[in-house]
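Next come the chains, spelled out residue by residue.
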Amino acid sequence: MTVHARKGQFHPVDKSRDLQRGLYRAAKRSGTRRFHALYDRLFRPDVLWRAWAEVRAKKGAGGVDGVEIEDVERQGVAGFLEGLAEDLKADRYRPLPVLRVEIPKLDGRMRPLGIPTVRDRVAQQACKIVIEPLFEASFQPCSYGYRPKRSPGQAAVEVKKALVRSRWVFDADIEGFFDQVDHDILMSLLERRISDRRVLKLIRSWLRSGVEVDGRRQETPCGVPQGGVISPLLSNVYLHTLDKWWTDNHAGVGQLYRYCDDFVVVCRNQQGAVRAHELVAGFLGRLKLSLHPQKTRVVELRAGGFDFLGFHYHELRSKRTGRRAPYMWPSQPKMKAIRAQLRQLTERSQLHVDLGDLVRALNWTINGWRRYFEIGNSTKRLAALDWFLLQRLWLFLSKRRSRGSLTTAAFMEWVKRSGLAYFYPKGRGRLQPCMP
């Protein structure tokens, strides 16, 4: 039994997991079976309470109705879920348009992000809980994005292993993938596993709910909103066709590794990588998608390398063995982004912040970044970030004190007592700040 939202209220979340396991086993036994009688399971109390818990854990802003997670808790989660269940049961549920916002990308451009309302996010999460096992049963091992028990780190490591024997790569980028997904093709792919018309109608209603930009609703004849709870699953269903087609017909050309719409094909020679480019471009045309002409390329590992999932891959000569081998470390855009975060946390406008709060904010950033990138050959980059951070903190504390009152010894003593985390903990004893 698991506690949810309201103190003292218990709900059998394990029942929803039993439901998922049962659906997964049934889908695994038959790759062509279509499932009906799914809709009634969306508004089961255990499914809705689990959906709420998972939406709440991810936090996130409110949608076009302005209702936040905290508003739902204040007004009562039980009543909120009961109302949603009643509307779903009576076919009265209608999604609201998605709120369109823009967030900066690493290259300085803006990425459009769609934020459904909290109510729509819970409904989508409930649907995802029920239908995800049906598709997970047939997803390919080369797919790593937004799947249970899979992570970008796993994909990054597998790519490095493949590069030991194969040094040519087809580095692919699908142009505007989330905006170009064809709704009719997607629905036909969903119908291969789902025969419940009400579930299909519900999913189509999310696809066609539109977006609100500057207070005006715009139609969405194609695409899936980045930010929608169910969008990653729908994206995987769409691109599973690529995974299956490649695995069944062209695995001899190279090994495909895909994380949502980001993928590479690792090949033994240049001819294989060029062939992979031609084959994938042709297949994506059948899905009404296209490769980005500037961001898609064929590259040799030793000639510049390539970036994938935040890592830069390159071939270097090992100092220990003298042999050339693949290496991976944080990419330049990721290094630039983390420096910008550290700079923002320690800029002059933050001088009023309590030092304990500052250290906690820094540690949250450092620990999350380190956990992801420590799997690579990242020692030099992690140590460089420690140097950068100490320099930033030196300047920060110098501004808080009178000029000339901060000594190196006093600074390092403060760092030691502060509980500050390090990007490269093993080298922390060797670090000293560079005094301006």
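What you are looking at is a predicted structure, and each value in this text was computed from that prediction instead of being measured.

(A) Local environment of the pattern of salt bridges. Here the structure, examined in full by the defined rule, presents 25 salt bridges. Residue K128 is joined to E132 by a salt bridge in which the shortest nitrogen-to-oxygen separation is 3.3 Å. Of this pair, K128 and E132 both sit in helix 6 (residues 118–136), separated by 4 residues, roughly a single helical turn. A relative accessible area of 16% means that K128 is categorised as buried. For E158, the salt bridge is made with K161, and the minimal N-O distance between the two is 3.3 Å. On the criterion of helical spacing, the pair formed by E158 and K161 is a turn pair, its members being 3 residues apart in helix 7 (residues 152–162). The class for E158 is partly exposed, based on a relative accessible area of 28%. Residues participating in the shared-partner salt-bridge network are R167, E300, R302, E315 and R324.

(B) Main features of the nonpolar core. The biggest cluster of nonpolar side chains holds 129 residues, and the ones touching the most others in it are W52, V122, I131, I203, F306 and Y313. When residues in this core are grouped by element, the largest group, 10 residues, is from helix 6. Filtering out sequence-adjacent residues up to four positions away, I131 remains in contact with I194, V199, I203, I230 and L233.

(C) View of the sheet that holds strand 8 (residues 255–259). The 4 strands are arranged 8-9-5-10 in an open sheet whose pairing can be described as antiparallel. A single partner strand is all that each edge strand has here, and the edge strands are strand 8 and strand 10 (297–300). Averaged over all pairs of adjacent strands, the angle between their axes in this sheet comes to 20°, without regard to strand direction. Here strand 5 (residues 168–173) runs beside strand 9 (residues 262–267); their pairing, made up of 6 bridges, is antiparallel. Across the sheet, the residue bridging to D171 is V264, located in strand 9. Against the sheet, helix 7 engages strand 8 and strand 9, with an angle of about 160° to strand 8. Its contacts with the sheet put helix 11 (residues 231–249) on strand 8 and strand 9, and the angle it makes with strand 8 is roughly 175°.

(D) Representation of the confidence of the model for the protein in the model. Here the protein shows a mean pLDDT of 92. Residues at 70 or above account for 93%. A low-confidence stretch, residues 1–10 (pLDDT under 50), is modelled with 21 contacts involving residues beyond four sequence positions or located in other chains.

(E) Just the side chain of S209, in detail. Within the secondary structure layout, S209 lies in the loop between helix 10 (197–207) and strand 6 (211–213). A relative accessible area of 8% places S209 in the buried class. In contact with S209, other than residues within four places in its own chain, are P95, L96, P97, V98, R217 and T220.

(F) Quick peek at the packing of helix 6 against helix 10. The N-to-C vectors of helix 6 and helix 10 enclose an angle of 135°; their axes lie 12 Å apart at closest approach. Classified by the angle their axes make, helix 6 and helix 10 are oblique. The chirality of how helix 6 crosses helix 10 is left-handed. Along its contact with helix 6, which presents A123, Q124, C127 and I131, the element helix 10 presents V199, I203 and W206. For the contact of helix 6 with helix 10, a count of residues per class yields 6 nonpolar, 1 polar and no charged.

(G) Spotlight on the environment of W245. Within the element layout of this structure, W245 appears in helix 11. Each C-alpha atom of the pair W245 and G66 lies 43 Å from the other, and the pair is 179 residues apart in sequence. W245 has contacts with H250, L279, V280, F283 and R286, leaving out every residue within four places of it along the chain.

(H) Structural context of the packing of aromatic side chains. Within this structure, the stated rule accounts for 16 aromatic pairs. Seen from their ring centres, W369 and F373 are 4.2 Å apart, and the 35° between their planes marks the pair as tilted. With W369 and F373 both in helix 14 (residues 355–373) and 4 residues apart, the pair spans about one turn of that helix. Judged by relative accessible area, W369 falls into the buried class, the value being 9%. These aromatic residues form a ring-pair network of at least three members: F311, W369, Y372, F373 and F423. Against the face of F388 rests R339, its NZ or CZ located 6.0 Å from the ring centre. Here the basic side chain of R381 rests over the ring of W329, its NZ or CZ set 4.4 Å away from the ring centre.

(I) Examining the pairing of strand 9 more closely. With 5 of 6 residues buried, strand 9 lies mostly within the body of the structure. By the bridge criterion, 5 bridges tie strand 8 to strand 9 in an arrangement that is antiparallel. Paired with Y259 across the two strands is D262, which belongs to strand 9.

(J) Structural context of empty space enclosed by the protein. Under the definition given, this model contains 1 cavity of 30 Å³ or more. Each pocket or cavity is described by its volume, and for the largest cavity that value is around 80 Å³. Those elements that place two or more of their residues in the lining of the largest cavity are helix 6, helix 10 and helix 11. Taken together, the residues of the lining of the largest cavity sort by class into 10 nonpolar, 3 polar and 1 charged.

(K) Region of the structure containing the layout of surface pockets. Looking at the second largest pocket, its volume works out to about 480 Å³. Around the second largest pocket sit 16 residues that line it, and Q20, R50, E132, P133 and P148 are the ones nearest its centre. Residue assignment for the lining of the second largest pocket shows that the elements contributing at least two residues are helix 1 (13–29), helix 3 (45–58) and helix 6. By residue number, the principal contributor to the lining of the second largest pocket is helix 6, which donates 6 residues.

The rules behind these values
- All residue numbers refer to positions counted from 1 along the written sequence of the respective chain.
- This being a predicted model, a pLDDT of at least 70 is required before a residue's local features are given, and a value of 80 or more before pairs of side-chain atoms are given or counted; all residues contribute to the totals for chains, interfaces and linings.
- For the side-chain quantities, the full set of heavy atoms in the structure was used; hydrogens and water were omitted.
- Here, a salt bridge means any Lys or Arg side-chain nitrogen found within 4 Å of an Asp or Glu carboxyl oxygen.
- Under the DSSP-based scheme used, a helix requires at least four consecutive residues in state H or I and a strand at least two consecutive residues in state E, with every element numbered from the N terminus.
- Relative accessibility thresholds used throughout: buried, under 20% of the residue-type maximum; exposed, over 50%; partly exposed, between the two (1.4 Å probe, protein chains only).
- Take the buried Ala, Val, Leu, Ile, Met, Phe, Trp, Tyr and Cys residues and link them wherever side-chain atoms come within 4.5 Å; each set so joined is a nonpolar core.
- In this description, contact between two residues means that some pair of their heavy atoms is separated by no more than 4.5 Å.
- Two strands make a pair as long as DSSP finds a minimum of two bridges between them.
- Each axis is a line fitted through C-alpha atoms, taken for helices only over the stretch in contact, and angles between the N-to-C directions span 0 to 180 degrees.
- Values of pLDDT, the confidence the predictor places in each residue, fall between 0 and 100.
- Roughly parallel covers angles under 35 degrees, roughly antiparallel covers those over 145, roughly perpendicular covers 65 to 115, and oblique covers all other angles.
- For any pair of crossing helices, the crossing counts as left-handed if the nearer helix is rotated counterclockwise from the farther one by less than a right angle, and right-handed if it is rotated clockwise.
- Put simply, Ala, Val, Leu, Ile, Met, Phe, Trp, Tyr, Cys and Pro go in the nonpolar bin, Asp, Glu, Lys and Arg in the charged bin, and everything else, Gly too, in the polar bin.
- Stacked, tilted and edge-to-face pairs are distinguished by plane angle, under 30 degrees for stacked and over 60 for edge-to-face with tilted covering the rest, among Phe, Tyr and Trp rings (Trp via its six-membered ring) whose centres lie within 6.5 Å.
- Only when the NZ of Lys or the CZ of Arg is both within 6 Å of the ring centre and within 35 degrees of the ring normal is a charge said to sit over the ring.
- The distinction between a cavity and a pocket rests on a 1 Å grid over the protein atoms alone: a 1.4 Å probe fits inside a cavity but cannot get out, while a pocket stays open yet meets protein on both sides within 12 Å along at least five of seven lines, and a residue with an atom within 4 Å of a point counts as lining.
- Grid points are joined across faces, edges and corners, and a volume is the space filled by probe spheres set on the points.

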